[in-house]
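Letter by letter, the chains look like this.
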Amino acid sequence: MTQRRVALRLKVPDTTAYTALVALRRLGVPVARVERATLIAVPAGDDDAALECVRRDESLFNPNLHEIEVVRLGAPGAGEIWIRADEASSMQAWRLTDEQGLPVPPPVLERARDALLCNPAIETAVVGS
Amino acid sequence: MKRVAVVIFPGTNSEEETVRLLRACGADAHLVHWSRAHTLGAYDGYVLSGGFAYEDRIRAGAVAAHDAMMDPVIDGARNGKLVMGICNGAQILLEAGLVPGTGDARRPTAAFTHNVPPHFICKKVYVKLAVQPRRSSITAALPRDAVLPAWAAHGEGRLAARACEMEELETGDHLAFVYAHADGRVDDAATPNGSALHCAGLVNREGNVLALMPHPERVFPPHAALFKSFVRGVEAS
């Protein structure tokens, strides 16, 4: 059985992502939109089984609040930072875009990481290229 | 009389108990709402009380640490004003880099993070002064090895840091309070959250900023020794 990675996102407004946006802008990080997902590693034989595994866990998934999908990438894409807290099995994936809706470049991601999104004492961040 | 601000972020709680105990200890203490951040610079000392500032979004204390409310607190701490953070206030001080203060401002080098086991705890505990009282102006009026009752009420109170930083916390005398039994013994059984080094509270290098996870102000009957010492320190500063 292989590990699959499932992204869990809010389908209602994400106040944490909005708070991150406001805080980052206050800190001078040039970002226009922040999105957030929780990446959950699931041991499952196929994608459907992985999604069903998350759907069944009521501590994770509420169909009124969340949408889920299997993530194919093994590393963050453009405009993304993945942050794992030490000893945590899941990760937070942040996606930052600029005024044109384009992924922000790595230097901006690094500023966001260092200014707010990652506490290096307890977390590890991977920045998308 | 010197003035103490009890700082209110969106999501702060315990501020009424905190300001009441400060006043009972002789302080001219005031609640300062987040809309009044511009007035904070005029105060002589700061207390960040418990709660869930900004709902602990991103991480406990992270957003508050970067709020405009913290600008005058950080400036004040750099200028020697006394700052005490309790519970969420302690988490904010670590996220703001004021405690242990071994890195740059707003670059945290440690955290009070998820308990082990990962549950919210709510229980009476004891904390023991683990430094010489005069190591910090905030604890200077406490007796050596003081054991104080307090109320632990947190899901994220476990001290965690990288190994090199942990060594600095020990050798740099940052470990202000440890969890203990009522008789002063320190061991794993007295530590409710798996905190490294049995840590309940940290102090910065200069000794003017203290971050303490359990709540002294929630104990009944009130046990005011730490608050009295803080107020005396503010008056002397």
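Residues numbered from 1 in each chain as written. Chains lettered and ligands numbered in written order. Predicted model: local features only at pLDDT ≥ 70, side-chain atom pairs only at ≥ 80, totals over all residues.

Helix and strand counts for chain B come out as six helices and 11 strands. The C-alpha atoms of chain B give 16 Å as radius of gyration, which agrees with the globular expectation for 237 residues (18 Å, within 12%). With the principal axes as the frame, chain B shows a C-alpha extent of 45 × 35 × 30 Å. The proportion of buried residues among the 237 residues of chain B is 56%. Long-range contacts, defined here as pairs at least 24 residues apart, represent 76% of the contacts in chain B between residues at least 6 apart. (Helix = DSSP H or I, 4+ residues; strand = E, 2+ residues; numbered from the N terminus. Rg over C-alpha atoms; globule rule 2.2 N^0.38 Å. Buried ≥ 20, exposed ≤ 12 C-beta atoms within 10 Å, placed from the backbone. Contact = placed C-beta atoms within 7 Å.)

As a further point, take the packing of helix α1 (residues 15–26) of chain A against helix α3 (residues 106–117) of chain A. All names here are of chain A. Direction vectors running N to C along α1 and α3 enclose 105 degrees, while the axes themselves pass 10 Å from each other. What the angle tells us is that α1 and α3 run roughly perpendicular. Contacts between α1 and α3 involve Ala20, Ala23 and Leu24 from the first element and Ala112, Ala115, Leu116 and Leu117 from the second. For the contact of α1 with α3, the class distribution of residues is seven nonpolar, no polar and no charged. (Axes fitted to C-alpha atoms, helices over the stretch in contact; angles between N-to-C directions. Parallel < 35°, antiparallel > 145°, perpendicular 65-115°, else oblique. Nonpolar A, V, L, I, M, F, W, Y, C, P; charged D, E, K, R; others polar.)

Moving on, we get to the interface of chain A and chain B. The interface is formed by 12 residues belonging to chain A together with 17 residues belonging to chain B. Looking at the side of chain A that touches chain B, the elements that each hand over two or more residues are α1 and α3 of chain A. The element that contributes the greatest number of residues to the side of chain A that touches chain B is α1 of chain A, accounting for five residues. Residues of the side of chain A that touches chain B, tallied by class, amount to seven nonpolar, three polar and two charged.

Further remarks concern helix α3 (residues 70–78) of chain B. All names here are of chain B. Within α3, burial applies to Met70, Pro72, Val73, Gly76 and Ala77. When α3 is viewed along its axis, its buried side chains cluster within an angular range of 160 degrees and face the same direction. Looking at the packing, one finds that the buried side of α3 touches β1 (3–8), β3 (45–48), α2 (62–65), β4 (82–86) and β11 (209–212). Where α3 terminates, the next one or two residues include Gly80, which has phi positive at roughly 95 degrees. (Arc of directions from axis to C-beta.)

Below, the discussion takes up the environment of Ala53 of chain B. Residues and elements named next belong to chain B. Within the secondary structure layout, Ala53 lies in the loop between β3 and α2. Owing to 30 C-beta atoms within 10 Å, Ala53 belongs among the buried residues under this scheme. Sequence separation between Ala53 and Gly11 is 42 residues, and the spatial gap between their C-alpha atoms is 4.3 Å. The contacts of Ala53, once residues within four sequence positions are left out, are Phe9, Pro10, Gly11, Thr12, Gly61, Val63, Ala64, Asn88 and Ile92.

Attention now goes to the nonpolar core. Leu117 of chain A together with Val7, Leu22, Leu93 and Val127 of chain B are the most contacted members of the largest nonpolar core, which has 109 residues in total. The leading source of residues in this core is strand β9 (residues 175–180) of chain B, at six residues. Apart from the residues lying within four places of it in its own chain, the contact partners of Leu22 of chain B are Val4, Val6, Ala27, Ala29, Val47, Phe227 and Val231 of chain B. (Core = buried A, V, L, I, M, F, W, Y, C linked by C-beta atoms within 7 Å.)

A few words on the sheet that holds β3 of chain B. All names here are of chain B. Here nine strands make up an open sheet; going across it, the order is β2-β1-β3-β4-β11-β10-β9-β6-β7 and the pairing mixed. Of all strands in the sheet, those bounded by a partner on one side alone are β2 (28–33) and β7 (147–154). Each strand of the sheet is rotated relative to its neighbour by a mean of 25 degrees, with strand direction disregarded. Examined bridge by bridge, β3 and β4 share four bridges and lie parallel to one another. The partner of Tyr46 across the bridge, within β4, is Val83. Lying over the sheet, α3 contacts β1, β3, β4 and β11, oriented at roughly 130 degrees with respect to β4. Sheet strands touched by helix α6 (residues 225–236): β1, β3, β4 and β7. Its angle to β4, the strand with the most contacts, is close to 155 degrees. (Pairing = 2+ DSSP bridges.)

So, about the sheet that holds strand β6 (residues 123–127) of chain A. Residue and element names in this part refer to chain A. Read across the open sheet, the six strands follow the order β3-β1-β2-β5-β4-β6; overall the sheet is antiparallel. The open sheet is flanked by β3 (66–71) and β6, the only strands paired with a single partner. Sheet twist, expressed as the mean angle between neighbouring strand axes with direction ignored, is 30 degrees. Alignment of strand β1 (residues 2–10) against strand β2 (residues 33–44), held across seven bridges, turns out to be antiparallel.

Before going further, it helps to spend a moment on unusual backbone geometry. Residue and element names in this part refer to chain B. With an omega dihedral of -5 degrees, the bond running from Val99 to Pro100 counts as a cis peptide bond. Examined against the element boundaries, Pro100 turns out to sit in the loop between α4 (88–95) and β5 (111–113). Cis rather than trans, the peptide bond between Val116 and Pro117 has omega equal to -5 degrees. Its location among the elements puts Pro117 in the loop between β5 and β6 (121–129). Look at Tyr54: it is not a glycine, yet its phi comes out positive at around 50 degrees. One can find Tyr54 in the loop between β3 and α2. For Tyr54, a count of 27 C-beta atoms within 10 Å translates into the label buried. Of note, the phi angle at His198 is positive, near 60 degrees, even though the residue is not glycine. Structurally, His198 can be placed in the loop between β9 and β10 (199–203).

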